[in-house]
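Summary of the model geometry
In case you want the letters, here they are:
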Amino acid sequence: SIHVFKDDNNINVALMLPFMLDKANPPKQARLYTEFYKGFLMAVDTVRVKNNGKNINIYAFDTQDASARVDSILKLPSMAGMDIIFTPDNSEQIEKIARYGTENKIAVVNSFSLKHDSYNDYSTLFQVNTPQSYMQAKLFDFFDEAFHGYEVVFLDMPAEEEKEMIGELKAHLDVKNIPYSTIDITTSLQADTLSKELKPGRRYVIVPTSSGRNILIKSLDAIKSVKLDRYDVNLCMLGHPEWTTYTAEFGADFNQVDTYFYSRFFTRHDDRGIHNFDEKYHSWYGEYMIYAAPKFGLLGYDTGCYFLSLFMQGKDYNNNFNYTGLQNSFDFDRTSNWSGFVNKSVYFIHFTVFNTIETIVK
């Protein structure tokens, strides 16, 4: 049995994650959860320097990706003494843990699932990944501010899946009476085809309708050519969250075109803080983080720093504050008086023509 000290001098955290320790060779997803846990432990080390006399007690449980296992963990008497519980990425299991958290006044953190919406029903549940509806609302506000007076040219490849956001953006443009046109790309975009859509003295933002590498490969050369030759127009591009994973390959192109995109998270390869974290992680664990988007070690670190710092201030999770970490940012708010908390933070990344990268958190 586990004895838990439930008082103001102890912060008790349970991580209920599918580490899959029963497997001789755990799958990649299980190793990513382990990486999250390792990053979280590094956050404990960072936060405890400012511990205000409080102890941070960590309890890790292997759910083995089984709902029956989650049930058995929640039946442990010690669980009622937790202050924070981190959930796996499984809707049924999140629901069970969220219900338990609300009944026992325990903060429950969903750091992984994108589409689970139990935050509407359980008052102590925190949704870390900004829901799509909030992302779009922030995007449209940013669009109206950054691209005021611009017309839109959509680039569409019929063979590629259209982003859900595109239809919503077109509806937004219709409401705002903002002109837009569409160029269909069958093989590759030709500079002349794009140039014919651009009238002298106007400002344009190009928006590819799909988010894959293929549409960039097929269109970037033409866009760069027009950007260079058509000094009589102001031209830039707006992209998608998936582009955060393309920056190493297309970063120079993004700069030449004057590119914006948005995301739930972002890291810069040349960021000194990221480099220091990478080296510290390697020093602690003898390995580097697994390549993933987002990186789970950084996600564990950022969520750990935020929630541990929040509870260091007192065990009232209504006293939220805005936080920008190494990879993730948090701006939590309730969706209603009886709901849980949703992170409404969105990154807007701008690759400027001056070969710099501007990051704005909204």
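Here, the structure is the one placed above.
To start, this report covers the structure provided alongside it. (Residues numbered from 1 in each chain as written. Predicted model: local features only at pLDDT ≥ 70, side-chain atom pairs only at ≥ 80, totals over all residues. Heavy atoms only, no water.)

1. A word on the packing of aromatic side chains
What counts, and what does not: A pair of Phe, Tyr and Trp rings is counted when the ring centres sit within 6.5 Å of each other, with Trp represented by its six-membered ring. The angle between the planes then sorts it: under 30 degrees is stacked, over 60 is edge-to-face, the rest tilted. Each helix is a run of DSSP H or I of at least 4 residues and each strand a run of E of at least 2, with the numbering of both proceeding from the N terminus. Charge-over-ring placement is defined geometrically: NZ (Lys) or CZ (Arg) within 6 Å of the ring centre, and within 35 degrees of the ring normal.
A full pass over the atoms with the stated rule returns 42 aromatic pairs. Taking the centre distance of 5.7 Å and the plane angle of 50° together, the rings of Phe307 and Phe332 count as tilted. Taken as a pair, Phe307 in helix 10 (residues 296-312) and Phe332 in strand 13 (residues 332-334) lie far apart in primary sequence, 25 residues in all. Its end group placed over the ring of Phe154, Lys170 keeps NZ or CZ at 4.9 Å from the ring centre.

2. Quick notes on the pattern of salt bridges
Defined as follows: By definition here, a salt bridge exists when the distance from a side-chain nitrogen of Lys or Arg to a carboxyl oxygen of Asp or Glu is within 4 Å. When a residue's accessible area, from a 1.4 Å probe over protein chains only, is under 20% of the maximum for its type it is buried; when over 50% it is exposed; and in between it is partly exposed.
Under the criterion given, the structure shown has 15 salt bridges. Between Arg48 and Asp45 there is a salt bridge; the shortest N-O distance is 3.1 Å. Look at Arg48 and you get partly exposed, because its relative accessible area is 49%. Put simply, Glu95 and Arg99 hold a salt bridge, and the shortest N to O gap is 3.9 Å. Of this pair, Glu95 and Arg99 are both found in helix 3 (residues 91-103), four residues apart, which corresponds to roughly one turn of the helix. Residue Arg99 is classed as partly exposed on the basis of its relative accessible area of 36%. Each of the salt bridges in this network shares a partner with another, and the network as a whole consists of Asp45, Arg48 and Lys280.

3. So, the pairing of strand 4 (residues 107-110)
The criterion, for reference: A strand pair is defined by DSSP finding two or more bridges across the two strands. By convention, orient the strands away from the viewer: a clockwise path from the first strand over the helix to the second makes the crossover right-handed.
Residue alternation in strand 4 divides its side chains into two sets, Ala107 and Val109 and Val108 and Asn110, and both sets are buried. Judged from the three bridges that link them, strand 3 (residues 84-86) and strand 4 form a sheet pairing that is parallel. The partner of Ile84 across the bridge, within strand 4, is Ala107. As a crossover connection, the stretch from strand 3 through helix 3 into strand 4 is right-handed. For strand 4 and strand 5 (residues 125-127), the ladder comprises three bridges, and the chain directions are parallel. Looking across to strand 5, one finds that Asn110 is bridged to Gln127.

4. Considerations on empty space enclosed by the protein
For clarity, the threshold we go by: Definitions used throughout: a 1 Å grid over protein atoms alone; a cavity as a set of points that fits a 1.4 Å probe which cannot get out; a pocket as an open set with protein on both sides within 12 Å along at least five of seven lines; a lining residue as one with an atom within 4 Å of a point. Grid points are joined across faces, edges and corners, and a volume is the space filled by probe spheres set on the points. Gly is put with the polar residues, along with every residue not named as nonpolar or charged; the nonpolar set is Ala, Val, Leu, Ile, Met, Phe, Trp, Tyr, Cys and Pro, and the charged set is Asp, Glu, Lys and Arg.
Counted under the stated rule, the structure contains one cavity of 30 Å³ or more. The computed volume of the largest cavity comes to approximately 40 Å³. Lining of the largest cavity is provided by Val128, Asn129, Thr130, Arg264, Asn328, Ser329, Phe330 and Asn343. Residues belonging to the lining of the largest cavity are distributed by class as follows: two nonpolar, five polar and one charged.

Purely spatial values, then, with no claim about function.
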